[in-house]
Amino acid sequence: DTTVKQNPRYKLARVGKPVNLICSQTMNHDTMYWYQKKPNQAPKLLLFYYDKILNREADTFEKFQSSRPNNSFCSLYIGSAGLEYSAMYLCASSRAGQGNERLFFGHGTKLSVL
Amino acid sequence: GQQVQQSPASLVLQEGENAELQCNFSTSLNSMQWFYQRPGGSLVSLFYNPSGTKHSGRLTSTTVIKERRSSLHISSSQTTDSGTYLCALDTGNYKYVFGAGTRLKVIA
């Protein structure tokens, strides 16, 4: 099974409310990523886990949190959603050090903040 | 500035025509990965190409490190090739930097 699963597919949130998005993979990949994608823009890396180590991008450091309770699951947490958070959130995974580190993506969660 | 520039932004082809999609990058390269996304679908990896040329059916990926570019060639396009093609630069350190994509439409 080479799928990455994301839940939910669509999420409606109110301004100021928290949002939690879920991702899972069963490929035993050591690295899991979260990207934000807005229309006609490149996917933007928010953060990634290599094993249990979380790396957050400097420009989104305070806006997003994440947890990875085990190898298969990874969450993306927004403490207080703003209108600018409306976007598609893409989860991906890969296995490092193979010389062929393909990224596998989920279908994404479309977040709409009102 | 942008590390990965992808061109063209959009492209319309008649079925049977060939297409050449480009990615130019300004930073060091570990590898280049090409993705395809059909409307409403997820990103699917087409090629992982650190250098040289790779083939898969009607698709060819070429990465030339010293010229800081990678291309995706689609031959004999079909309507089912329509969608968005993205390149992603593997900079090492587990990070991928994406281009904004090429939206391809192939008409019968």
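Residues numbered from 1 in each chain as written. Chains lettered and ligands numbered in written order. Predicted model: local features only at pLDDT ≥ 70, side-chain atom pairs only at ≥ 80, totals over all residues. Heavy atoms only, no water.

(A) Inspection of the overall build of chain B at higher detail. Assigned secondary structure in chain B consists of zero helices and 11 strands. In sequence order, chain B lays out its α and β elements as β-β-β-β-β-β-β-β-β-β-β. For 108 residues, the compact-globule formula gives about 13 Å, and the C-alpha radius of gyration of chain B, at 13 Å, lands near that figure. Judged by the C-alpha coordinates and their principal axes, chain B covers about 40 × 25 × 20 Å. (Helix = DSSP H or I, 4+ residues; strand = E, 2+ residues; numbered from the N terminus. Rg over C-alpha atoms; globule rule 2.2 N^0.38 Å.)

(B) Structural view of the pattern of salt bridges. Summed over all chains, the structure comprises four salt bridges over all chains. The shortest N-O distance in the salt bridge between D59(A) and K44(A) comes to 2.5 Å. Within this pair, whereas D59(A) is found in the loop between β6 (53–56) and β7 (65–67), its partner K44(A) is found in strand β5 (residues 44–50), the two being separated by 15 residues in sequence. A salt bridge links R58(B) to D81(B); the nearest nitrogen and oxygen atoms lie 2.9 Å apart. Remark: D81(B) occurs in the loop between β8 (69–74) and β9 (83–92) and R58(B) occurs in the loop between β6 (52–56) and β7 (59–64); sequence separation between them is 23 residues. Judged by relative accessible area, which is 8%, D81(B) ranks as buried. (Salt bridge = Lys/Arg side-chain N within 4 Å of Asp/Glu carboxyl O. Buried < 20%, exposed > 50% of the residue type's maximum accessible area, 1.4 Å probe, protein only.)

(C) Focus on the pairing of β6(A). All names here are of chain A. Alignment of β5 against β6, held across four bridges, turns out to be antiparallel. Paired with F48 across the strands is N55, a residue of β6. Connecting β5 to the antiparallel partner β6 that follows it, the hairpin turn spans two residues, and D51 within it adopts a positive phi of roughly 60°. (Pairing = 2+ DSSP bridges.)

(D) Expanded view of the sheet that holds β7(B). All names here are of chain B. The five strands lie next to each other as β1-β3-β8-β7-β6, forming an open sheet whose pairing is antiparallel. Looking at the sheet topology across the chains shown, the edges are occupied by β1 (4–7) and β6. When strand polarity is set aside, the average angle formed by the axes of neighbouring strands in this sheet is 15°. Here strand β3 (residues 19–25) pairs with β8 via six bridges, running antiparallel. The partner of L21 across the bridge, within β8, is L72. (Axes fitted to C-alpha atoms, helices over the stretch in contact; angles between N-to-C directions.)

(E) Layout of unusual backbone geometry. Omega for the peptide link from N7(A) to P8(A) comes to -10°, which places this bond in the cis form. Within the secondary structure, P8(A) is located in the loop between β1 (4–7) and β2 (10–13). The omega angle of the peptide bond from S7(B) to P8(B) is -10°, so this bond is cis rather than trans. For P8(B), the location among the structural elements is in the loop between β1 and β2 (10–14). One non-glycine residue, N28(A), lies in the positive phi region at around 60°.

(F) Broad picture of the nonpolar core. By size, the foremost hydrophobic cluster in this structure holds 22 residues, and its most contacted members are W34(A), F64(A), L76(A), I78(A), Y89(A) and L111(A). Listed by contribution, the elements that provide at least two residues to this core are β3 (19–25), β4 (31–37), β5, β8 (73–78), β9 (87–94) and β11 (109–113) of chain A. Look past the residues within four positions of L111(A) in its chain and what remains in contact with it is K11(A), A13(A), V19(A), I78(A), Y85(A), S86(A), A87(A) and Y89(A). Listed in part, the 20 residues of the second largest apolar core include L46(B), F47(B), Y85(B) and L104(B). (Core = buried A, V, L, I, M, F, W, Y, C linked by side-chain atoms within 4.5 Å. Contact = heavy atoms within 4.5 Å.)

(G) Geometry of the packing of aromatic side chains. In this structure the tally under the stated criterion is 13 aromatic pairs over all chains. With centroids separated by 5.5 Å and ring planes inclined at 85°, the aromatic side chains of F105(A) and F35(B) adopt a geometry described as edge-to-face. Remark: F35(B) occurs in strand β4 (residues 31–37) and F105(A) occurs in strand β10 (residues 104–105); the pair is interchain, linking two chains. For the pair F105(A) and F35(B), one class covers both residues: buried. Summarising the aromatic geometry, the rings of F35(B) and F98(B) are spaced 5.6 Å apart at their centres and angled 35° between planes, so their arrangement reads as tilted. (Phe/Tyr/Trp six-rings, centres within 6.5 Å; stacked < 30°, edge-to-face > 60°.)

(H) Geometry of the state of the cysteines. Using the criterion set out here, one finds two disulfides over all chains in the structure. The disulfide bridge from C23(A) ends at C91(A), spanning 1.9 Å between sulfur atoms. Negative torsions about the S-S bond denote left-handed disulfides, and the value of about -75° found for C23(A) with C91(A) makes this one left-handed. Of this pair, C23(A) sits in strand β3 while C91(A) sits in strand β9, placing them 68 residues apart in sequence. For the pair shown, C23(A) and C91(A) are each scored as buried. Sulfur-sulfur distance for the disulfide between C23(B) and C87(B) comes to 1.5 Å. Its S-S torsion of about -80° marks the bond between C23(B) and C87(B) as left-handed, since a negative value means left-handed. Of this pair, C23(B) sits in strand β3 while C87(B) sits in strand β9, and the two are 64 residues apart along the sequence. Assigned by exposure class, C23(B) and C87(B) land together as buried. (Disulfide = S-S within 2.5 Å.)

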